[in-house]
Amino acid sequence: MAHLLGGLLTTPFLYKPITSSSHAFDSLYIKRAAELADKSAGFTAPHPNFGCVIAVPNNGCGGKVVGEGYLYAEGTVPAEVQAVEAAGEQCRGATAYLNMEPGDCHSNSSAVSALIKAGISRVVVGIRHPLQHLRGHGIHALRSEGLQVDVLGEDTQKKTIEEALKSCLFVNAPLLYRAACRVPFSVLKYAMTLDGKISTSSGHASWISSKMSRTRVFEMRGRSDAVIVGGNTVRRDNPRLTARHGGGHVPRRIVLSQTLDLPEEAHIWNVSEVPTIVATQRGARRSFQKVLASKGVEVVEFDILDPRDVMEYLYDRGYLSILWECGGTLAASAISSGVIHKVHAFVAPKIIGGKNAPSPVGELGMVEMTQALELIDVFYEQIGPDILVSGFLQPVPDLTPTIPSVQETSAIDPTISPYESSIIFFYKTWDPYGAFSNFSLHPIEMPDENGELVTLSSIEHYYQAQKFVGVSDPVAKSCIEEIKRAKSPEEAARIGRRIQRQQPNLVRPDWESIKVDVMYKTLKCKFTTYPYLNSLLLSTAGSVLVEGSPHDLFWGGGRDGEGLNYLGRLLMKLRSEFLGDDRSQ
């Protein structure tokens with residue numbers, strides 16, 4: 001059973017012939033593309049979820065699907081490339097259905113070039129890319145090659161496609177909210193009794209909802225970048241906040257506490273499996289901050305601990321989707337701050353009563369029923385004995401009328417350029433200079449410990465594997481192989497960092513002294529192998545390159561420029577070397 005961000009698609013897709021208009025086919029296959037895209041939720045952040053369906057006419061009796069694919073994670077094979085490979089020669093004259101406009105128009109193996117080379121004649125796009133520097137580029141590239149491109153809601157405006165368009169908005173709701181609101185997509189989750197209580201008057205809350213509902217919560221965590229709780233939850237419940245039973249992705253844990261009145265021993269301080277961040281007010285319990293730091297917990301101070309400030313900080317860190325599992329006081333504060341976009345409420349068929357038993361949302365200052373907040377696109381689902389009520393507090397942003405493409409703005413004013421600053425920031429692979437990222441999908445060929453050339457999927461795969469090269473322990477060798485097999489650069493990074501934290505004895509003793517040199521050699525290989533990357537790097541001559549990660553103070557520039565920016569430095573060094581080679585010829 002599929003659960004598409006609120007349950008828009010709740011049954012498996014069936015390939016049934018349809019004899020109605022082409023709009024019905026468009027609606028059906030776009031919804032299927034969105035369903036496929038949803039399979040990668042939690043693994044792609046902060047990148048879009050992409051799905052692709054390729055279909056051909058079926059003897060006049062309806063459509064026939066000949067190829068499908070979805071983007072598993074950042075740096076993996078694009079959905080369109082997978083679908084084309086699955087369809088083979090049947091692509092000739094076929095129609096490709098994409099839930100979102102392709103975002104990569106640079107690589108020879110990109111989504112756009114795959115569709116063009118395969119002979120696709122028509123492309124139906126659910127929504128345009130929400131990011132300004134990518135918006136319209138894929139559509140323009142396809143149309144310039146003679147392909148017919150229809151965009152739902154723009155070129156096709158029949159009522160039959162409204163549901164399909166909504167599925168495209170829902171499956172990438174986190175990215176759309178992030179682009180429109182400049183904060184991560186935030187979901188408030190809680191379980192309550194029929195009489196609206198989240199615990200008894202004594203504070204006991206285990207368990208309000210059923211085991212089936214709790215399993216669904218694990219799945220929700222697996223779709224999120226981070227899970228937020230307040231100090232009361234840590235003190236009262238001592239939660240682990242893991243995503244067990246929810247897949248391979250484990251979100252970060254974030255605790256919001258003004259006073260840091262927290263226990264020294266708690267499950268959430270164990271960072272061997274997943275990091276924990278504590279957000280607090282500046283100056284709170286300095287001694288306890290040192291205790292947390294000694295356990296490997298990151299502490300971030302704010303002048304005033306306000307949910308919006310925290311969300312803006314997490315936006316800067318690249319987070320896409322946040323799950324709030326907090327008590328009523330913090331939930332009310334987050335709702336009042338306007339950072340909660342969606343609600344998942346599990347209602348259990350239980351009554352516990354109690355005048356002082358807490359409710360899921362604290363005081364919001366409302367005195368009349370007309371002030372009540374109403375959910376949009378409400379969905380109801382029975383999970384065991386419980387009912388899950390889901391809905392949006394704010395409509396999913398449709399950025400079509402508000403974010404023009406670079407080509408559109410340049411047509412109005414030819415002097416407009418997206419790259420005017422003398423400082424160029426790069427961070428994620430969908431940034432304008434995202435190809436500079438270690439996580440971009442550019443396979444490299446590098447020597448292994450025996451001097452034999454091996455091909456790895458990305459710089460990050462090679463860099464993480466090098467941490468354990470030369471260590472005699474056989475476990476280190478198995479770690480290297482596990483990293484090489486990682487499906488995506490982010491997965492390779494998670495594996496390498498986890499092993500480094502949990503088993504520091506497996507890390508080669510000279511790693512700290514050689515890691516910069518390892519990175520430089522790997523960068524040189526990448527930018528030598530791919531001519532268009534070399535040209536992109538040379539085009540930045542005269543500009544300072546800054547890796548924009550706000551939390552990596554070694555490779556990145558840091559939030560306030562306090563980072564060492566070694567990755568930017570190495571790229572500028574490499575640029576100078578390439579420019580010097582050009583001048584000498």
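Residues numbered from 1 in each chain as written. Predicted model: local features only at pLDDT ≥ 70, side-chain atom pairs only at ≥ 80, totals over all residues. Heavy atoms only, no water.

A closer look at the overall build of the protein chain
Reasoning step 1: Assigned secondary structure in the protein chain consists of 18 helices and 18 strands.
Reasoning step 2: Sorting the 585 residues of the protein chain into buried and exposed places 55% on the buried side.
Reasoning step 3: Taking the intrachain contacts of the protein chain between residues at least 6 apart in sequence as the baseline, contacts between residues at least 24 apart amount to 70%. (Helix = DSSP H or I, 4+ residues; strand = E, 2+ residues; numbered from the N terminus. Buried < 20%, exposed > 50% of the residue type's maximum accessible area, 1.4 Å probe, protein only. Contact = heavy atoms within 4.5 Å.)

Let's talk about the sheet that holds strand β1 (residues 51-57)
Reasoning step 1: Taking strand neighbours across the sheet as the criterion, the five strands line up as β2-β1-β3-β4-β5 in an open arrangement whose pairing is mixed. Two strands close off the open sheet at either side, each with one partner strand: β2 (63-70) and β5 (148-151). Shown here is a sheet whose adjacent strand axes are inclined to one another by a mean of 20 degrees, direction ignored.
Reasoning step 2: For strand β4 (residues 122-127) and β5, the ladder comprises four bridges, and the chain directions are parallel. The residue of β5 that forms the bridge with valine 124 is aspartate 150.
Reasoning step 3: Lying on the sheet, helix α4 (residues 137-144) is in contact with β4 and β5; it crosses β5 at an angle near 150 degrees. (Pairing = 2+ DSSP bridges. Axes fitted to C-alpha atoms, helices over the stretch in contact; angles between N-to-C directions.)

A word on a nonpolar patch on the surface
Reasoning step 1: Together, Val378, Tyr380 and Ile387 make up an exposed nonpolar region whose accessible area comes to about 280 Å².
Reasoning step 2: In this structure, isoleucine 387 sits in strand β14 (residues 386-392).
Reasoning step 3: With relative accessibility at 33%, the residue isoleucine 387 sits in the partly exposed group. (Patch = residues over 30% accessible without salt bridge, like charges linked within 9 Å, V, L, I, M, F, W, Y side chains within 5 Å. Areas by Shrake-Rupley, 256 points an atom, 1.4 Å probe, with all protein chains shown as cover. Salt bridge = Lys/Arg side-chain N within 4 Å of Asp/Glu carboxyl O.)

Describing the pattern of salt bridges
Reasoning step 1: Scanning the entire structure with this criterion turns up 23 salt bridges.
Reasoning step 2: A salt bridge links glutamate 325 to lysine 189; the shortest N-O distance between them is 3.2 Å. Note that glutamate 325 is positioned in the loop between β11 (321-324) and α11 (328-336) and lysine 189 in strand β6 (residues 185-193), a separation of 136 residues in sequence.
Reasoning step 3: The class for lysine 189 is buried, based on a relative accessible area of 12%.

Observations regarding the nonpolar core
Reasoning step 1: Core analysis: the biggest nonpolar cluster contains 82 residues, and Ile54, Ile120, Val123 and Trp269 have the highest contact counts within it.
Reasoning step 2: Excluding residues within four positions of it along the chain, isoleucine 120 makes contact with Ile54, Cys91, Ala94, Ala96, Leu115 and Leu147.
Reasoning step 3: If you look at the next biggest cluster of nonpolar residues, it comprises 44 residues, including Cys479, Ile499, Ile514 and Leu545. (Core = buried A, V, L, I, M, F, W, Y, C linked by side-chain atoms within 4.5 Å.)

Some words on the environment of alanine 164
Reasoning step 1: By the element assignment, alanine 164 lies in helix α5 (residues 162-171).
Reasoning step 2: For alanine 164 and asparagine 99, which are 65 residues apart along the polypeptide, the C-alpha to C-alpha distance reads 8.9 Å.
Reasoning step 3: Apart from residues no more than four positions distant in its own chain, alanine 164 is found in contact with Ser27, Ile30, Lys31 and Leu152.

Remarks on the pairing of strand β16 (residues 444-447)
Reasoning step 1: On β16, burial follows the alternation: Ile444 and Met446 on one face are buried, whereas Glu445 and Pro447 on the facing-out side are not.
Reasoning step 2: With four bridges joining them, β16 and strand β17 (residues 453-456) adopt antiparallel strand pairing. Residue pairing for β17: isoleucine 444 is matched across the bridge by leucine 456.
Reasoning step 3: Where β16 folds back onto β17 in an antiparallel hairpin, the turn is made up of five residues, including glycine 451, whose phi is positive at roughly 85 degrees.

Considerations on helix α7 (residues 211-222)
Reasoning step 1: For α7, spanning 12 residues, the distance from its first C-alpha to its last is 17 Å, which sits close to the expected 16 Å at 1.5 Å a residue.
Reasoning step 2: For α7, the complete set of buried residues consists of Ser213, Arg216, Val217, Phe218, Met220, Arg221 and Gly222.
Reasoning step 3: At its buried positions, α7 is contacted by β6, β7 (226-230), β11, β12 (342-348), β13 (376-383) and β14. (Expected span 1.5 Å × (residues − 1).)

Describing the packing of aromatic side chains
Reasoning step 1: Summed over the entire model, instances satisfying the criterion amount to 16 aromatic pairs.
Reasoning step 2: On the basis of an interplanar angle of 20 degrees and a centroid distance of 6.3 Å, the ring pair of phenylalanine 25 and tyrosine 29 is categorised as stacked. Here phenylalanine 25 pairs with tyrosine 29, and both are found in helix α1 (residues 22-37), just four residues apart, close to one helical turn. Just as phenylalanine 25 is buried, tyrosine 29 falls in that class too.
Reasoning step 3: Residue placement shows arginine 178 over the ring face of tyrosine 315; its charged tip is 4.1 Å from the ring centre.
Reasoning step 4: Sitting over the ring of tyrosine 72, lysine 487 keeps its end group 4.9 Å from the ring centre. (Phe/Tyr/Trp six-rings, centres within 6.5 Å; stacked < 30°, edge-to-face > 60°. Lys NZ or Arg CZ within 6 Å of the ring centre and 35° of its normal.)

Things to note about the packing of helix α13 (residues 459-466) against helix α15 (residues 489-502)
Reasoning step 1: The interhelical angle for the contact between α13 and α15, taken along N-to-C directions, is 15 degrees, at an axis separation of 8 Å. As the angle between them shows, α13 and α15 are arranged roughly parallel. The crossing of α13 and α15 is left-handed. Two secondary-structure elements touch here, α13 through Glu460, His461 and Gln464 and α15 through Pro489, Ala492, Ala493, Gly496 and Arg497. (Parallel < 35°, antiparallel > 145°, perpendicular 65-115°, else oblique. Left-handed = near helix turned anticlockwise from the far one by under 90°.)

As for helix α16 (residues 511-529)
Reasoning step 1: Taking 1.5 Å per residue, 19 residues should reach 27 Å; α16 reaches 26 Å between its end C-alpha atoms and fits that length.
Reasoning step 2: Along α16, the positions that sit buried rather than exposed are Trp511, Ile514, Lys515, Val518, Met519, Tyr520, Thr522, Leu523, Cys525, Lys526 and Phe527.

As for the sheet that holds β12
Reasoning step 1: Strand order across the open sheet formed by nine strands is β10-β9-β8-β7-β11-β6-β12-β14-β13, with mixed pairing between neighbours. On the outer flanks of this sheet lie β10 (298-302) and β13, each paired with one strand and no other. Averaged over all pairs of adjacent strands, the angle between strand axes in this sheet comes to 20 degrees, irrespective of strand direction.
Reasoning step 2: This element, α11, spans β6, β7, β8 (252-256) and β11 of the sheet and lies at about 120 degrees to β7.

A few points about the environment of methionine 519
Reasoning step 1: Among the secondary structure elements, methionine 519 is positioned in helix α16.
Reasoning step 2: Here the alpha-carbon distance between methionine 519 and tyrosine 463, two residues 56 residues apart in the chain, equals 6.7 Å.
Reasoning step 3: Not counting the four nearest positions on each side in its chain, methionine 519 is found in contact with Asn438, Ile459, Tyr463, Trp555, Leu567 and Leu570.

A few points about the confidence of the model for the protein chain
Reasoning step 1: For the protein chain, per-residue confidence averages 83 on the pLDDT scale, and residues scoring 70 or more make up 86% of the total.
Reasoning step 2: Mean pLDDT values for the elements of the protein chain range from 43 in helix α12 (residues 406-412) up to 95 in α16.
Reasoning step 3: Taken as a whole, residues 1-20 scores under 50 in pLDDT and shows 52 contacts with residues more than four places along the chain or in a different chain.
Reasoning step 4: Low pLDDT (under 50) marks residues 400-421, which in the prediction has 27 contacts with non-local residues, meaning those over four places away or in another chain. (pLDDT = per-residue confidence, 0-100.)

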